[in-house]
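What follows is the residue order along each chain.
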Amino acid sequence: MRKYWSAALALVVFISCNEDKPEQKEEIAQIPIEEPVVKRFGFDFDEYKIVQDTVRNGDSFGQLMLKNNVDYDKVITISEKYKDTFDVRKINVGKPYFILKSKDSIEKAQVFIYQNDKINYTVFNLKDSAKVYKSKRRVSYVEREIAGEIRNSLSLDMDSLGVDYNVTLNLADIYAWTIDFFRLEKGDKFKIIYDERYINDSIYAGVTPIKAAYFNHKGKPIYAFPYVVDSLKSIEDYYDQDANNLRSTFLKAPIKFNYRVSSRYNLRRRIAYYGYKVRPHKGTDYAAAIGSPIVATADGTVTESRRRGGNGKYVKIKHNGTYSTQYLHMKAQKVKKGDFVRQGDVIGWVGMTGNTGGPHVCYRFWKNGRQVDPLREKLPSAEPIADSLRMGYSEHITPIKRQLDCIEYTVPAVQEENKEEDLITFNQ
């Protein structure tokens, strides 16, 4: 019996000792874990004294560096040696920057980081062997699908869907030649696929060009798919479901938004100020706020950019052997003689120079050397995709078109008096 009691007592003692003894996991948990170093722009900011600011009026690279104890000779060396990487004379007011300074009593700048935009930045490493290089922040892309119906205007309806305004501008650019966005009808529908960009998966950094779009205007469906037909030039255009280019040779107007036609082409115009004598108006006036961008209505070469008499400041562009255009009364020109411009490029800004009673651009249009009314001309369309490339294009757009077709419209119902409706969902 004594033998059994001894065994039982030994068992109790064993269990008790093991309960008092800390588990191996607890000992491991007490070992400190070294946290990974978090770097920004490739640097450990904890190692430096940080100055964060934006470029102000009067700031220059040299002044910023000298103020932060960088040797003048080093400033000159960087400015000259790395001007092909970044021209320090072109730092822009409002751009953010960081200066990483040593933590000693001298507080000498070690690194200057200039943010070109939300994604791209330039690093000036000012240590012993100074160097300058460009880099990008890590960007992730999130695909977004949007579908809506016109109830007010494209801008308001897109905004109600929480869409970046740049998407609205991009959509308007794509359909600028096929849809008059000032004459949209209630019930017109649209679908868009695009990517949103995020820095470090959290900081919104804008949108990419539209990957695919669909617009049903007055019952007519028009798809839009980006496609490069010339790999050497890498020029991308948008084409419809039948491989037709959505771009016309000429835009419908030299101003994209917020304008009105204040005076049309009229060879029999009479003006009271001149005693009702016939004074032909060989242009089309587009009234808009001073400073509104004026764009080239087609690709071409600038043949004149000057100021003369009643025309004020103007630009003239030769597009080919048949067509030329002219843009009068500018506040200022952005292009000079000899420049090649693409359709949609800003060439100047609306003003009141020359003979004008209000801010507008007088748009003049030449065909075979004779001024004509562009609003009455049947202008040629851009070239469709060549027959030899159509099969490849069709294979490319098939899955994207299927994705567009599967997107459903979900829009808030119109609230009527004494009537409440749920969300309306309908298919194409």
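That block above? That's the structure.
Report follows, based on the coordinates. Note that the structure is a prediction, hence the values are computed from the model and not measured.

**Topic: the nonpolar core**
Consideration 1: Within the largest apolar cluster, 24 residues are counted, with the highest numbers of intra-cluster contacts made by L154, L171, Y175, I192 and F215.
Consideration 2: Looking at this core, the element that brings in the most residues is helix α6 (residues 165-174), giving four residues.
Consideration 3: The residues touching Y175, leaving out its near neighbours within four places in the chain, are F181, A213, Y214, F215, I222, Y223, A224 and L246.
Consideration 4: Counting 22 residues, the second largest nonpolar core, distinct from the first, contains Y286, V302, Y323 and I347.

**Points about the side chain of H329**
Consideration 1: Relative to the assigned elements, H329 resides in strand β19 (residues 323-333).
Consideration 2: Residue H329 is classed as buried on the basis of its relative accessible area, which comes to 6%.
Consideration 3: Not counting residues within four places of it along the chain, the set of residues in contact with H329 comprises G310, N311, K313, V350, G351, M352, T353, G354, N355, T356, H360 and C362.

**Things to note about the pattern of salt bridges**
Consideration 1: Tallied over the full model, the rule gives 14 salt bridges.
Consideration 2: Residue K108 is joined to D71 by a salt bridge in which the shortest nitrogen-to-oxygen separation is 3.8 Å. Remark: D71 occurs in the loop between α3 (61-67) and α4 (72-81) and K108 occurs in the loop between β2 (96-101) and β3 (109-115); sequence separation between them is 37 residues.
Consideration 3: The class for D71 is partly exposed, based on a relative accessible area of 45%.
Consideration 4: Through salt bridges with shared partners, one network takes in K49, K101 and E107.

**With respect to a nonpolar patch on the surface**
Consideration 1: A surface patch of nonpolar side chains, about 280 Å² in accessible area, is lined by L66, Y72 and I76.
Consideration 2: As for its position among the elements, I76 is in helix α4.
Consideration 3: Exposure remark for I76: the relative accessible area of 30% places this residue in the partly exposed category.

**Things to note about the packing of aromatic side chains**
Consideration 1: This model, assessed by the stated rule, comprises 24 aromatic pairs.
Consideration 2: Pairing F45 with F98 gives two aromatic rings, centres 5.5 Å apart and planes at 70°, and the pair type is edge-to-face. Residue F45 is found in the loop between α2 (24-29) and β1 (49-54), and its partner F98 is found in strand β2; the two are separated by 53 residues along the sequence.
Consideration 3: Among the aromatic residues, those joined into a ring-pair cluster are F250, Y259, Y286, Y323, Y327, Y363 and F365.
Consideration 4: We note K191 situated over the ring of Y214; from NZ or CZ to the ring centre the distance is 5.8 Å.
Consideration 5: Taking the ring centre of W366 as reference, the NZ or CZ of K316 above it sits at 4.0 Å.

Calculation notes
Residues numbered from 1 in each chain as written. Predicted model: local features only at pLDDT ≥ 70, side-chain atom pairs only at ≥ 80, totals over all residues. Heavy atoms only, no water. Core = buried A, V, L, I, M, F, W, Y, C linked by side-chain atoms within 4.5 Å. Buried < 20%, exposed > 50% of the residue type's maximum accessible area, 1.4 Å probe, protein only. Helix = DSSP H or I, 4+ residues; strand = E, 2+ residues; numbered from the N terminus. Contact = heavy atoms within 4.5 Å. Salt bridge = Lys/Arg side-chain N within 4 Å of Asp/Glu carboxyl O. Patch = residues over 30% accessible without salt bridge, like charges linked within 9 Å, V, L, I, M, F, W, Y side chains within 5 Å. Areas by Shrake-Rupley, 256 points an atom, 1.4 Å probe, with all protein chains shown as cover. Phe/Tyr/Trp six-rings, centres within 6.5 Å; stacked < 30°, edge-to-face > 60°. Lys NZ or Arg CZ within 6 Å of the ring centre and 35° of its normal.

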